[in-house]
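Chain by chain, the residues run as shown.
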2 protein chains.
Amino acid sequence: MQKPSLPKGTRDFGPIQMARRNFILETIKDTFQLFGYQQIETPAMENLSTLTGKYGEEGDQLLFKILNSGDFLKKVDLKDLSEGAAATLPKVAEKGLRYDLTVPFARYVVMNRNELTFPFKRYQIQPVWRADRPQKGRYREFYQCDADVVGTDSLVCEAEIILMIRRVFLGLGISDYSIKINNRKILTGISEVIGEAGKEGPLAVAIDKLDKIGWEKVRQELTERGFNDEAVQKLGPLVEASTQEIDHLAFLKIFLAGSEIGLQGVKELEETFEIMQTMGQDLAKVQLDMVLARGLSYYTGAIFEVKVNQVSIGSVSGGGRYDNLTGVFGLSGVSGVGFSFGVDRIYDVMEELGLFPQEDSQGTQVMLAYFDEKGFNYALNILTLLRAAGIRSEIYPDQSKMKKQLDYASKKGIPYVGICGDEEIANKTLALKNLTSGIQENWTLDQVIDHFSGV
Amino acid sequence: MQKPSLPKGTRDFGPIQMARRNFILETIKDTFQLFGYQQIETPAMENLSTLTGKYGEEGDQLLFKILNSGDFLKKVDLKDLSEGAAATLPKVAEKGLRYDLTVPFARYVVMNRNELTFPFKRYQIQPVWRADRPQKGRYREFYQCDADVVGTDSLVCEAEIILMIRRVFLGLGISDYSIKINNRKILTGISEVIGEAGKEGPLAVAIDKLDKIGWEKVRQELTERGFNDEAVQKLGPLVEASTQEIDHLAFLKIFLAGSEIGLQGVKELEETFEIMQTMGQDLAKVQLDMVLARGLSYYTGAIFEVKVNQVSIGSVSGGGRYDNLTGVFGLSGVSGVGFSFGVDRIYDVMEELGLFPQEDSQGTQVMLAYFDEKGFNYALNILTLLRAAGIRSEIYPDQSKMKKQLDYASKKGIPYVGICGDEEIANKTLALKNLTSGIQENWTLDQVIDHFSGV
């Protein structure tokens with residue numbers, strides 16, 4: 001007999017984890033829908049031609065490839081064996097598992113561009129797979145949870161992303177967090193005004209580390225990356241200002257006075273905030289972060305990142321605006337903005353902060369227990385009434401000792417047990433035992449139904 | 001530029017399909033939860049050692065295998081190439097995609113047997129993958145939707161399966177269908193009383209075809225399969241009775257009088273029906289089918305199958321009791337009973353019968369449209385009020401012609417557009433246009449909120 005195991009880096013989700021994950025996902029879905037986003041799903045498998053080359057060389061390595069069906073060796077010859085895996089791969093595998101939800105979404109938009117209504121607001125919640133080295137908090141299968149609007153450059157979308165993030169965290173009960181926002185154009189502007197136009201890439205990589213390694217080391221890195229002394233010098237005031245509680249918009253207007261694109265970035269941020277104001281919303285939790293860069297390579301406008309304070313975990317949500325989502329598939333000019341929630345990290349944060357609701361909103365509300373055949377029959381009858389009233393309920397299926405029945409309910413996290421003894425049968429009542437407090441009371445059926453269907 | 005495509009046999013689900021699929025899945029989930037079933041999820045990938053040999057030789061062929069990461073050729077030598085794909089497979093692939101939800105569930109139960117509370121009632125709704133030849137209605141990725149109870153042989157479970165099926169179909173609006181039920185022990189009994197004990201396998205395969213090919217051809221097949229003339233003769237009355245509207249239980253008690261196990265099967269069916277009666281339930285839609293066999297190989301008790309009448313599609317739900325789910329993983333004595341819904345087929349049935357609700361219960365309820373900057377600002381303000389009342393709403397993000405805005409709403413299936421013109425702004429109202437009827441009326445904000453939040 002084999003002892004079964006799981007592939008490394010993968011997980012089962014049992015009932016308790018599922019209830020908690022569902023709580024997070026339902027909160028997110030509910031918010032996406034409130035804002036007019038529509039759900040789509042794409043297949044787990046994509047053609048390797050769709051996936052390869054989209055995630056850099058490292059990403060290509062981390063794609064899970066699916067062996068062709070049937071005689072997968074039929075195209076392989078001796079020469080391939082000597083040339084190695086990379087040369088042989090195209091002959092044995094044509095498909096791979098999706099690596100993220102962005103590339104499949106881009107493919108979907110291109111393939112359906114004639115049927116879709118633009119602006120197209122979609123959300124997508126599905127697992128993705130990466131052949132990463134498994135480690136604490138990093139898995140080979142995990143859920144992504146993305147929302148994007150494509151086909152508009154209206155800043156209403158940026159404002160609504162902030163509102164959606166705030167609504168989700170309110171719903172989850174996470175209150176101490178920051179929504180950091182920046183704009184790619186501001187980073188471009190900074191590189192212009194310090195005299196290193198076009199080098200916002202390496203600039204961003206370096207100053208992104210300010211938090212961790214400090215300004216001295218960032219200076220060094222910039223010098224190593226070929227920034228001249230004057231440029232590094234000019235950056236000083238910005239770095240200093242970024243940590244101070246001043247009006248960063250006002251600072252940037254002066255700092256970026258010489259860069260048209262930089263000022264455009266500032267204007268976009270201002271307009272986003274103005275839209276929020278028109279909506280009657282404040283800027284609570286929103287924090288302009290002049291050095292936020294995050295996946296700079298394909299963002300062209302707003303950049304978002306959400307961090308939960310006082311929990312040492314990376315960002316739990318992030319996103320930004322891009323100009324050219326679908327260009328790689330031959331459809332140019334599709335501008336969009338999107339963001340995603342890191343469900344696994346949010347789960348860990350909520351566990352650490354003890355924020356999951358005590359009661360499982362999808363779990364059994366009351367279990368019926370009994371001593372004998374007569375009680376069993378009474379319980380079966382009651383069960384029908386409870387379920388007709390929409391009360392999630394069950395009967396212990398086997399005639400067993402009361403202790404065993406109560407143990408079952410308790411281990412399953414069922415909050416109440418309705419005991420059906422002779423007295424209850426005679427009076428048409430239930431002896432309702434609260435398994436948390438241990439208190440047991442006699443309730444009429446109407447009382448039971450009113451109580452639970454009101455929950 | 002490459003033109004993107006989907007791997008054959010796979011599908012994207014767009015917003016309309018997702019809304020409809022969600023309607024089906026939510027109806028099913030709601031019922032599973034009402035009856036105390038808890039959700040689990042298992043990984044898409046399983047070790048090939050978990051999957052191989054569980055689905056017969058054909059099934060092994062249909063497993064999607066995942067190429068090992070990194071240098072997948074490192075263990076392959078020239079000898080393997082000459083021996084072919086089957087010999088090389090174990091050296092290049094250790095994992096496969098799940099083929100159904102039953103084997104992963106069995107693995108889960110074995111791996112978690114010390115933590116689980118038995119009887120364990122679980123449901124699971126996830127995609128599975130099979131390298132089948134794609135054809136109409138058959139896909140390489142499709143959802144399964146299973147519920148099982150393991151660790152009890154109480155017939156309450158069988159009775160509840162009937163109730164769950166009826167509740168789901170009631171919720172979906174499918175009214176003309178039959179729940180066929182049989183018991184493996186009855187089939188065993190039949191083979192005993194016709195003098196061919198132990199041959200219920202081939203017997204079942206043959207008589208399962210009665211509907212399609214008729215008794216004459218079934219007779220022939222039985223003879224070819226080695227049943228003697230006397231046995232075939234004895235089967236005659238049962239076949240005749242199976243198509244007649246008589247009391248099949250009463251018939252079976254006489255027909256199976258000489259078979260202890262056969263009578264046990266009859267008794268189990270009777271008890272199941274008695275439990276339903278005690279629950280105050282009738283036997284509507286339930287039909288004893290003495291020749292129903294369905295996947296006989298591992299069922300040991302009840303066998304279920306659901307067919308929608310007047311729609312030519314296979315069964316839309318089915319299941320049965322089994323004795324030894326986890327034996328293959330070294331844990332014996334785990335009895336259980338389970339069933340599943342065929343989501344794709346149910347989708348097709350509902351489409352054919354026009355049963356999907358007109359309105360998408362997760363879609364935008366009202367879109368705000370406007371003529372100019374002033375209207376845009378008014379709309380932004382209203383949007384906050386609507387969303388605060390939980391009304392799924394959106395604003396057309398770009399300042400465009402009214403026709404374009406209305407087209408967008410119409411194509412997206414949004415039922416109402418709230419137009420924000422000068423008059424509406426002055427009176428703090430909305431010109432609410434019903435896109436189905438074309439009727440436009442002026443509503444106060446309170447009226448709008450009352451109307452939509454009551455929906």
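None of the values given here were measured: they were computed from a predicted structure. (Residues numbered from 1 in each chain as written. Chains lettered and ligands numbered in written order. Predicted model: local features only at pLDDT ≥ 70, side-chain atom pairs only at ≥ 80, totals over all residues. Heavy atoms only, no water.)

S.K.: Mind showing me how you'd approach the interface of chain B and chain A here?
M.R.: Where interface size is given, it is often the accessible area lost as the parts come together that is meant. Contact residues are listed per partner, giving 102 residues for chain B and 102 residues for chain A. Interface area for chain B against chain A, summed over the two sides, is near 8700 Å², with a carbon-plus-sulfur share of 61%. At the surface where chain B touches chain A, the tally comes to six salt bridges. A salt bridge links Arg387(A) to Glu160(B); the nearest nitrogen and oxygen atoms lie 3.0 Å apart. There are 30 residue pairs in polar contact (both at pLDDT 80 or more) connecting chain B and chain A. Across the side of chain B that touches chain A, the residue classes tally to 48 nonpolar, 33 polar and 21 charged. (Contact = heavy atoms within 4.5 Å. Buried area = accessible area lost by both parts, 1.4 Å probe. Salt bridge = Lys/Arg side-chain N within 4 Å of Asp/Glu carboxyl O. Polar contact = N/O pair within 3.5 Å; in protein donor to acceptor, adjacent residues only side chain to side chain. Nonpolar A, V, L, I, M, F, W, Y, C, P; charged D, E, K, R; others polar.)

S.K.: What is the right way to read the nonpolar core from this model?
M.R.: Nonpolar side chains in soluble globular proteins generally cluster together in the buried interior. In terms of nonpolar packing, the biggest core is built from 104 residues, with Phe32(B), Phe169(B), Leu235(B) and Phe341(B) touching the most fellow members. Among the elements that take part in this core, helix H7 (residues 156-172) of chain B stands out by supplying eleven residues, more than any other. Beyond its immediate chain neighbours, meaning those up to four positions away, Leu235(B) contacts Ile190(B), Ile194(B), Leu203(B), Ile207(B), Trp215(B) and Leu222(B). In terms of nonpolar packing, the next biggest core, distinct from the first, is built from 103 residues, Ile162(A), Leu235(A), Val286(A) and Val337(A) among them. (Core = buried A, V, L, I, M, F, W, Y, C linked by side-chain atoms within 4.5 Å. Buried < 20%, exposed > 50% of the residue type's maximum accessible area, 1.4 Å probe, protein only. Helix = DSSP H or I, 4+ residues; strand = E, 2+ residues; numbered from the N terminus.)

S.K.: Even after reading the chapter, I still don't get the UniProt feature "binding site: L-histidine" (unreviewed entry) in chain A, so can you show me in this structure?
M.R.: All names here are of chain A. As annotated by UniProt and renumbered to match this structure, "binding site: L-histidine" (unreviewed entry) occupies Asp100, Leu101, Thr102, Arg130, Gln144, Asp148, Arg294, Tyr298 and Tyr299. Spanning 200 residues, the named residues are also spread out in space, since their farthest C-alpha pair is 22.6 Å apart. Looking at where leucine 101 falls in the secondary structure, it is placed in the loop between strand E4 (93-97) and helix H6 (102-111). Classification of leucine 101 by relative accessible area gives buried; the value is 0%. Those residues within four positions of leucine 101 in sequence are excluded, and the remaining contacts are Arg122, Gln124, Gln126, Val128, Gln144, Cys145 and Asp146. Along the chain, threonine 102 turns up in helix H6. Note on threonine 102: relative accessible area 21%, which makes it partly exposed. Discounting chain neighbours no more than four positions away, the residues touching threonine 102 are Asp146 and Leu325. (UniProt positions renumbered as here; feature names shortened; annotations may be inferred.)

S.K.: Hey, could you run me through the packing of aromatic side chains in this one?
M.R.: By convention here, two paired aromatic rings are described through the distance between centres and the angle between planes. On inspection of all chains with the given rule, the structure shows 32 aromatic pairs over all chains. An angle of 90 degrees between the planes, with centres 6.0 Å apart, marks the rings of Phe32(B) and Phe339(B) as edge-to-face. Remark: Phe339(B) occurs in strand E11 (residues 336-341) and Phe32(B) occurs in helix H1 (residues 15-34); sequence separation between them is 307 residues. Each member of the pair, Phe32(B) together with Phe339(B), is buried. Taken together, the ring pairs connect Phe32(A), Tyr37(A), Tyr123(A), Phe169(A), Tyr177(A), Phe339(A) and Phe341(A) into an aromatic cluster. Directly above the ring of Tyr99(A) sits Arg130(A), whose terminal nitrogen or CZ lies 4.1 Å from the centroid. The ring of Phe13(B) has Arg21(B) sitting right over it, with the charged end atom 3.9 Å from the ring centre. (Phe/Tyr/Trp six-rings, centres within 6.5 Å; stacked < 30°, edge-to-face > 60°. Lys NZ or Arg CZ within 6 Å of the ring centre and 35° of its normal.)

S.K.: For this particular structure, what's the right way to read the domain arrangement of chain A?
M.R.: Segmentation of chain A into domains returns domain 1 (15-63 + 99-353) and domain 2 (366-453). One C-alpha centre belongs to domain 1 of chain A, the other to domain 2 of chain A; they are set 50 Å apart. (Domains from an automatic or database assignment.)

S.K.: What is the right way to read the side chain of Glu196(A) from this model?
M.R.: Residues and elements named next belong to chain A. Mapped onto the secondary structure, glutamate 196 falls in the loop between helix H8 (184-193) and helix H9 (200-207). A residue is classified by how much of its surface remains accessible, and glutamate 196, at 9% relative accessible area, is buried. Here asparagine 228 takes part through its backbone nitrogen, which lies 2.9 Å from a polar atom of the side chain of glutamate 196. Sequence-distant contacts of glutamate 196, that is, excluding residues within four places in its chain, are made with Ser191, Gly226, Phe227, Asn228 and Ala231.

S.K.: What exactly am I supposed to notice about the environment of Leu34(B) here?
M.R.: Position of Leu34(B) among the secondary structure elements: in helix H1. A relative accessible area of 4% places Leu34(B) in the buried class. When the C-alpha positions of Leu34(B) and Ala197(B) are compared, they lie 42 Å apart, and in sequence the two are 163 residues distant. Every residue in contact with Leu34(B), bar those within four places of it in the chain, is listed here: Arg387(A), Gly390(A), Ile391(A), Arg392(A), Ser393(A) and Arg167(B).

S.K.: Would you mind going over the packing of helix H15 (residues 373-388) of chain B against helix H18 (residues 445-453) of chain B with me for this structure?
M.R.: Two packed helices can be described by the angle between their axes and the distance between those axes. Residue and element names in this part refer to chain B. For the pair H15 and H18, interaxial distance at closest approach is 11 Å and the crossing angle is 40 degrees. Here H15 lies oblique to H18, going by the angle between them. The two elements H15 and H18 cross, and the hand of that crossing is right-handed. Residue-level contacts link Tyr378, Ile382, Leu385 and Leu386 of H15 to Leu445, Val448 and Ile449 of H18. Of the residues belonging to the contact of H15 with H18, the class tally is seven nonpolar, no polar and no charged. (Axes fitted to C-alpha atoms, helices over the stretch in contact; angles between N-to-C directions. Parallel < 35°, antiparallel > 145°, perpendicular 65-115°, else oblique. Left-handed = near helix turned anticlockwise from the far one by under 90°.)

S.K.: Would you mind going over the relation of the copies chain B and chain A with me for this structure?
M.R.: In this arrangement, two copies of a chain are superimposed by a rotation about an axis accompanied by a shift along the axis. The transformation that overlays chain B on chain A combines an axial shift of 0.0 Å with a rotation of 180 degrees, and the residual RMSD is 0.1 Å. Considering both components of the superposition, the chain copies are consistent with a two-fold axis. Taking C-alpha positions as reference, the residue of chain B nearest the rotation axis is Ile66(B), located at 2.3 Å. Taken together, the interface assignments show that 100% of the residues at the interface of chain B recur at the interface of chain A, consistent with an identical surface on both copies. (Least-squares fit on C-alpha atoms with pLDDT ≥ 70 in both.)

S.K.: Any chance you could explain the environment of Leu430(B) here in plain terms?
M.R.: Residues and elements named next belong to chain B. Structurally, leucine 430 is set in strand E15 (residues 429-434). Classification of leucine 430 by relative accessible area gives buried; the value is 0%. Distance in space between the C-alpha atoms of leucine 430 and glutamate 441 is 8.2 Å, their sequence separation being eleven residues. The contact partners of leucine 430, leaving out residues within four places of it in the chain, are Leu368, Tyr378, Ile382, Gly418, Ile419, Cys420, Glu424, Glu441, Asn442, Trp443, Leu445 and Val448.

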